[in-house]
Amino acid sequence: MNPLCKPNEHALSRRQWLGGMGGAAAAGALGGLVSPAVGEVLKQKEKQVLFIWLDGGMSQLESWDPKPNTQFGGPFRSIPTKLPGIHVSELMPRMAKKMDKICLVRAMRTQDNSHSAGVPRIQRGDPKNRGVIYPYFGSAVAQLMGPTASGLPPYVWVKPGSGGFKPTDAGFLGPKYGALAFGDGQPPPNFLRPATLSPEQDTARNELRRAFNFNYAQPRRKANNEANTYVFDTAEILLKRREIFDTSKYPQKEKDRYGNHLLGQHMLIGRKLLEAGCRFVKVNSYGWDTHGDHFNGTVSLVNRFDQAFAAVLEDLEATGQLDHTLVIAMSEFGRTPRINGHAGRDHWPEAWTIALAGCGINAGAVIGATNAQGTFVKGDEYDIGHMFHTWFRALGINPDAVEFDNGGQPLPIAHDDMGVIPGVLA
Amino acid sequence: MRPIIFICALLPVLAGWAAESLSQRIDKLIAAKAGRQPLAEPASDSEFLRRVYLDFTGQIPTAEGARKFLANPSADKRAKLIDQLFADARWAETMADRFHVLLMERRGEEEEWRKWLVASFKANKPWDAMAREMLAPEGTDAAKAGAWFFITKRLEKYGQNPTDHPGLTRDVGRMFMGVDLQCAQCHRHLTVKDYKQLDFQGLYAAYSNLRLQNPNDTIKVKWAMESLLKKEMEFGSVFSETKKTTGPRVPFGVPITIPEFKKGEEWAVKPDKKKGVSGRLKFSPLREIATRMATPENPYFARNIANRAWFLMMGRGLIEPLDLTHTKNPPSHPELLDLLAKELVAHKFDLKWLFRELARTQTYQRSSVLPKGGAPEHLFASAKERPIAAEPLLRSVLLATGERDRVTKLDEEDAHSLKSFGDLFQGAFANAPREPELAVTPTLKAALFLRNNEALLWLVQRREGNLVDRLIKLKEPAKIANEAFLTLLARNPSDAERAMVKSFLQKQPTLQNAVGDLVWALLSSTEFFVNH
Amino acid sequence: MADPKKEPKQLQVLESERQLLCTRFSPDGTHLIAGGMDAQVHRWHRAEVAPEKEGDEKKIEWQPLPNLAGHHAWVGAMGFHPKAKHIFTGDSWGQLRCTDYEGQKLKVHWSQKTAHDGWLRQIAVSKKHLATVGRDGAVWLWSHAGKRIAEWKGAEEIFAVTFQPDGQRVVFGDAKGVVRVWNFTTKIIEREFTLNEFYKLARIQDVCGLTRLVFLEDGKTLLAVGCAPTDGGTMQGIPTLDWLDYATGKSTQRYQFGVENDAFITDVAWHPKGYLLCATSGVTGRGTTFFIRPGEKEPFYSSTKIANIHALALHPDHQHFTLTSTSRGSNGNGRRLDKEGNYSGNTSPVHVFELPA
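Sequence order as written defines residue numbering, which begins from 1 separately in each chain. Lettering of chains starts at A and numbering of ligands starts at 1, both following the order in which they are written. At least 70 in pLDDT is required for a residue's local features to be given in this predicted model, at least 80 for side-chain atom pairs to be given and counted, and no such filter applies to totals for whole chains, interfaces and linings, which use all residues. Heavy atoms throughout the structure, all of them, feed into the side-chain values; hydrogens and water do not.

1. What about the interface of chain A and chain B?
Alright, step 1. Every contact between the two is made by 48 residues of chain A and, on the other side, 55 residues of chain B.
Alright, step 2. The contact between chain A and chain B buries some 4500 Å² in all, and 60% of this surface belongs to carbon and sulfur atoms.
Alright, step 3. Between Arg451 of chain B and Asp202 of chain A there is a salt bridge, with the nearest N and O atoms lying 3.4 Å from each other.
Alright, step 4. N or O atoms within 3.5 Å of each other form a polar contact, as long as, within protein, one can give a hydrogen and the other can take it, and as long as residues adjacent in sequence are counted only when both atoms are side-chain atoms. Viewed at the interface, chain B and chain A are joined by 18 residue pairs in polar contact (both at pLDDT 80 or more).
Alright, step 5. Under the scheme used here, helices are H or I runs from DSSP no shorter than 4 residues and strands are E runs no shorter than 2 residues, and both carry numbers assigned from the N terminus. Counting only elements with at least two residues in the side of chain A that touches chain B, the list comes to α7 (199–217), α8 (223–240) and β17 (409–412) of chain A.
Alright, step 6. Polar here means any residue outside two lists: the nonpolar Ala, Val, Leu, Ile, Met, Phe, Trp, Tyr, Cys and Pro, and the charged Asp, Glu, Lys and Arg; Gly therefore counts as polar. Grouping the amino acids of the side of chain A that touches chain B by side-chain chemistry returns 24 nonpolar, 16 polar and eight charged. Only heavy atoms enter the contact rule, under which two residues are in contact if any of them lie within 4.5 Å. Two parts placed together each lose some accessible area; with a 1.4 Å probe, that loss summed over both constitutes the buried area. Basic side-chain nitrogens of Lys or Arg form a salt bridge, by our definition, when they fall within 4 Å of a carboxyl oxygen of Asp or Glu.

2. Topic: helix α16 (residues 390–401) of chain B
Residue and element names in this part refer to chain B.
Alright, step 1. Taking 1.5 Å per residue, 12 residues should reach 16 Å; α16 reaches 16 Å between its end C-alpha atoms and fits that length.
Alright, step 2. To sort residues, take the accessible area from a 1.4 Å probe on protein chains only and compare it with the maximum for the residue type: under 20% means buried, over 50% means exposed, and anything in between is partly exposed. Most of α16 sits inside the fold, with 11 of its 12 residues counted as buried.
Alright, step 3. Regarding α16, the residues found buried are Ala390, Glu391, Pro392, Leu393, Leu394, Ser396, Val397, Leu398, Leu399, Ala400 and Thr401.
Alright, step 4. Once α16 finishes, Gly402 follows within two positions and takes phi at roughly 75 degrees, a positive value. Every helix has an expected span of 1.5 Å times one less than the residues it contains.

3. Brief notes about the domain arrangement of chain B
Residues and elements named next belong to chain B.
Alright, step 1. We note that the domain assignment places domain 1 (2–88 + 297–379), domain 2 (92–293) and domain 3 (386–531) within chain B.
Alright, step 2. Every contact between the two is made by 21 residues of domain 1 and, on the other side, 22 residues of domain 3.
Alright, step 3. Counting the surface lost from both domain 1 and domain 3, the interface buries some 1600 Å², and carbon and sulfur atoms represent 56% of this.
Alright, step 4. Per-residue buried area on domain 1 facing domain 3 is highest for Arg50, Gln59 and Ile60; these three make up 33% of the total on that side.
Alright, step 5. Across the pair Arg386 and Asp55 runs a salt bridge, and its minimum N-O distance is 2.8 Å.
Alright, step 6. Linking domain 1 to domain 3 there are 10 residue pairs in polar contact (both at pLDDT 80 or more).
Alright, step 7. Elements that contribute at least two residues to the side of domain 1 that touches domain 3 include exactly α3 (45–57), α4 (63–71) and α13 (299–314).
Alright, step 8. Looking at the side of domain 1 that touches domain 3 residue by residue, the class counts come to 12 nonpolar, five polar and four charged. Domain extents, as shown, originate in an automatic or database domain assignment.

Here's what the structure looks like:
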C-alpha cells in the first residue's frame, strides 16, 4: 500500500463544512490563497484526479483487450507487455511498456448503448433513480474535496471546441460545482488582464477593493464576502498561471513527446493544470465513434492516445505526482465485437475495459476478463457504480459513510447496491 | 366557501388584535421566537434606502436621492418613502422582474409574458387569479395570452431531452404549492412521507396532456393543445408490480371524476388547426386543476405564496427549501406563516398589500450588521444579504457610473449598447437555465468579468459627464470619496474609508486612472454586489 | 436505368461463413478467390452442371473448394502469378505467401512470415516481380519466387500499389494521399505528387481515402480510387475517382459520386469496352454499383440493390462480375443475439452477375 494514499483525515471535516456553508464560501475560507508557489500542491501531496475521456467509445479490442486472430479480433496483432502473460493491441506500443504502472478492469458491463444517454449516465456513475440529476464525477469530487491549497478551480476540463463555464455537469449540486472548460485548450472569457491595465494598477485597485470588503464584511456574516474573495483570488491565481495556456512557449521536445495533435497538446496542458494544483482535470478527446472505417481510423486514434497517455504517466511518475493522482482513461462504452458492413464497430456496453493508475490503485493488476471471442465478460461483471465506489475509495472517501446533501435530502455518492471492485485498490 | 375563511380570518380581530397592523404582529412573533437572542440594530438610513430602492424600483438610488433622504430629518420618512415607491410605476416592473426570475428560473425571456406580468402587477391582480391564468391559460384573450409562457417554455425541447412533461408537472407543484414532487414520480418519495406517487401522477394526468403549438391567427403566442382525456391514467411504482389509476387531481386533494361524453360531444368548441381554432374542451383537466389549486380551500396555495413573498423580502423562507413543504419540515415560525397565509386570504391574495406590510416591519428594516455574538439566520434577528439579479445590477451600474443615457442611445450592435451590456451581464451574473437564483453566489465567471472585461472597464474610464469625470473635477480626495460612496453605495464613507481613498489617490501616478480604479473597486466590492 | 436489357442479371449468390475482403477471378477464369477476415483464403471453382430440362443450355455454377489456411487475422491482399496457377496472398499480420489456387489441398510454394511488420495492404504483380505495401510504411519488391529484391521505407502507412504498365516502376500511394513513382533499379523516387482530397485530419484521426491506384489500358492514365474524406469517427466522405495524367501527375477529370455517407469506392475494374465498373460502401448500410465511361459526367448504370460492397471482380470473359457485399442488417448497437441465443458475426455474400449483352 502506498503510504501517501491513506484516507485523508481532513476530507470528511472539510466536506462537512463545505456542505454547511456552500462550497465556494468554504473554499475561500480554506486559506492558503495567497500566491501558491509552484509545486505547492506537490509538496502537500493533496489527492488529485486526471480523467481522460475518449468520447464516442474506444474499442477494447484494438486497445486493452485484444483477441487477435479470432472471429471478431480484427486485423491487428497483440504485443506482449511489461506484465508477463498480458497482451495489448499492437497499436499501443508505448503503454505496453508501462503496463506495470496501470491497472486494467477488463470486465466492465454497463447499461446504456446510446451516446446521448450513455455519456452522462456513465459520468454520473449511474446511481439508482431518485428523481434528481446526479453530478458528473468531476463535480462530485469538486464538492466532496473542494479546491486544493492552490486555490485553483477544482474541476477543470481541457477539450476541443467551446469553453467557458459548464454548470450542467454539477446536477443537483448546483452550478458552482460545474466545470471550468478550457475550450481548445484556451482559458475562459475575460481571463486576461486588458492591455490598458498595468499589473501595478491592477494590484493597487484590488488592494483597495479588498480593504473596502474588509470594512464591509467585518461586522456581517462572513460567507458571502469570503466566497466573493475566493472567486476574485481564483481569477488572479489563474492569471498568474497563464503560461499554462501559452503552448507556444512549451519546449518542442515536450510537445513532441505528448504528440503534435489535439489530444497530445491537451494532455500536456492537463498535466500543467495538475501540477498547478487543480483538483480534478478532465482531458477530453472527441471522434471515437467509429461506426465506419473503424480499423483504419483506429490506427491513428489509438496510437495518439497511447502516445499522450504514456507521456503523461511518465511525467506524473517522474515528479512523484502519480502517487497522489488518480488517473482514469475511459469512454462511455466499448465497441461491438461484430464488424459491420462498413468496416465499423458499433456501441458495446456489454464487455469493455477501463484503465486506471496512480493514487490508491493496484498498479500492474488486470482485473476481470472477457471470453475467448471477446464478446462477453467471463466471471464477475462490473458496472460503472462499482467503478465510482472504487474511485472514491482511492481518493480516501468512503461511499458508505459519505453522502451528498441535496437540500436536506441525503443521497448516496455512488450506487448503493454496489461496492468496490476487488483487486483494484492497492 | 370563501365567507367561512373570511370569518376565520376575523377571529383574531375578536381576540383583540384589531388595533395592530400585520407588520406589527409579524415583529411581535419574530421577537417572541428570538427570545434572548439579541436583535440587530435598525438599518441605517443608507441601508434602508438602498434596500427599498433595489426591492421596489429595481436599482440603487441616485446620489441626489440619497443625499436628500439622508438629510431629511422627519421621523416618518421611511414610511413615506415606502408609500412613494409603492406608488411608483417602477414597482410593477420590478415585481415583474422578480417574479419572472422566480417562476421561470432563467429559461428565457418573452415579450408577451413580460407584458402580462407587468400588467398584472400594475392592476394589482390577486395572486390566485394570476395563478389560474398561468395554470390554465386562456389563449384567446389577448390580455391573458402572455401567461402561456409559464407552460409553453417548459414544453420546449432543449438539448437531446424529450419534452419535459414531468418537469412541468414538478414546477406546477413547486411554484404554486411549495411542494417538489419530482422524487415521487416513479415511486413513493423516499424521504418525504407526505408526498405520494398519486400526488405527482394526479397533476401529471393534466399536464402531460399538453402539446406545444405555434402562434396562429387567434392565439398570438406559443400555446399548448390539451388533448381529450377519456380515462384515468395508469401508473405503477418501480418498487412494486401493482398498478393504480388516477384522474386529474390537485396534490393531497380529491380526485376529479372524468365525465363521460357521447362521441363527438366532448368539445364546446372543436379545434381546427387549419383555421387556428384551439378548441375548448367541455372537461378541461387544466381548468379543473387551476380552479381547485388556486383557491383559499387549498391551504398549500396561500402558504406557498406567503412563504415566497417572505423569502423575496427577507432572503430566506419561513419554510426552507421553498418547495419542500411537508410535516417533517415545519416552518421556522409556524404561527407567523399561518398568520401571513390567513391574512393574505382575507385580503383576497392582494400581493401589493402583503409586500407593503412586510416592508413596514422592523424585521425587514433591520441592519445586516450582526448583533453582538452573531445571530442564526432562521431567527431573522438581522437582515440577510440577498442577491441582486443581473438586470437590476446592470441598471444600478449604469446609473452609478453615469453612463445610462449614453449607452441607451447607442446602436444595438455597438459593444457598449444597452443590449450588449444586457447580454454581458446576463452571461456574467445570471444562472444557467433551470437553475433557481435564490442566494448570493459569487462566481469565477463574474469575478473574471468584473476584473477584466473591456466593456465593464470602459464604464470607469473618464468620459464627458460620467461619474469618473464628475469625481475628477472635484479634485479633493475627501470630496471625491464622499461623492463616490454616495453614488455607488448610497452612504457616506467613514473617516477610515476617506483616509483609505485619500492615500490611494495620492499613491497613484495619475488622478484619472486612480479615480477610475476607485470607482471600479467600489463597483466590484461585496457591498455593491449584494442587497444588504 | 430500369431497362432490363441494361440491367446485369444475377446468376448466383455464394455464401461464406465469415466476412470477405478482396475478391478476384484467376486469370484463366476457372477460380474465384477471396481473402477473409477469418485468416482463410476462400475459393470457388467454375463447374458446368447438367441442365434442369433437356435441351436447355449447360449451366455454369461456382462451387466451393476447401479454404486455404495458414494466414493470420485478415487476408486482404491478393495477386496472381502471371503464368503459373499460383496466387500470392498477404495478411494483416504481415505474412506473404505463394500457393496453388486450385486443388483440394493447400500447396505452399513459399511463405514470408514477416514480409511486412504488420498489415500487408496490397500486392501488385508484374511479369517479373511482385510489389507489396503495408502499414509499416515499406514497399517491397519481390521475385515471383519470394526473394526480397528492394525496399523503400517511408513514415506513412501505404495503402495502394501498382506497377507501371511496362513493369519498370512501382507506383504507390500513402495514407496522406502522396503518390510516389519508385525506380526500384536505381532505388530512387523519381516523382511524387500529392492527392490532397484523399486525406483529412479530423480531430486526432488521419482519415485516409485512397483505396486503389489503377493504370488504364493506354498506360498514360493513372486512376486514383477511393474517397474524399470529410469527417472521422463514423467516417464520412464522398466516393471519388481521379483520372491523373501519369506524365504530370495532374488531374484531368475528377468524378465524385453520391453524398458524404457514401464514403468509399472500394473497388474498380476496367472493362475493355471502355468503361469502369465501380462499387461503393458507406454508412449506414449504403452501397452502389455503377458503371461510368471516362469523360462522361454521369454513370450510364447505377444500382443500390447491393450494399456495402468491399470487392468487385470482373471475370476474364468480360461478361461476368462479382460483388462481395455484407449480410443485411450488419450494424447495430449493443447485444443482439440470434434465435439460438448466440452472438453471431456478419457474413459476405458474393453476388455473381452477368453483364447485359
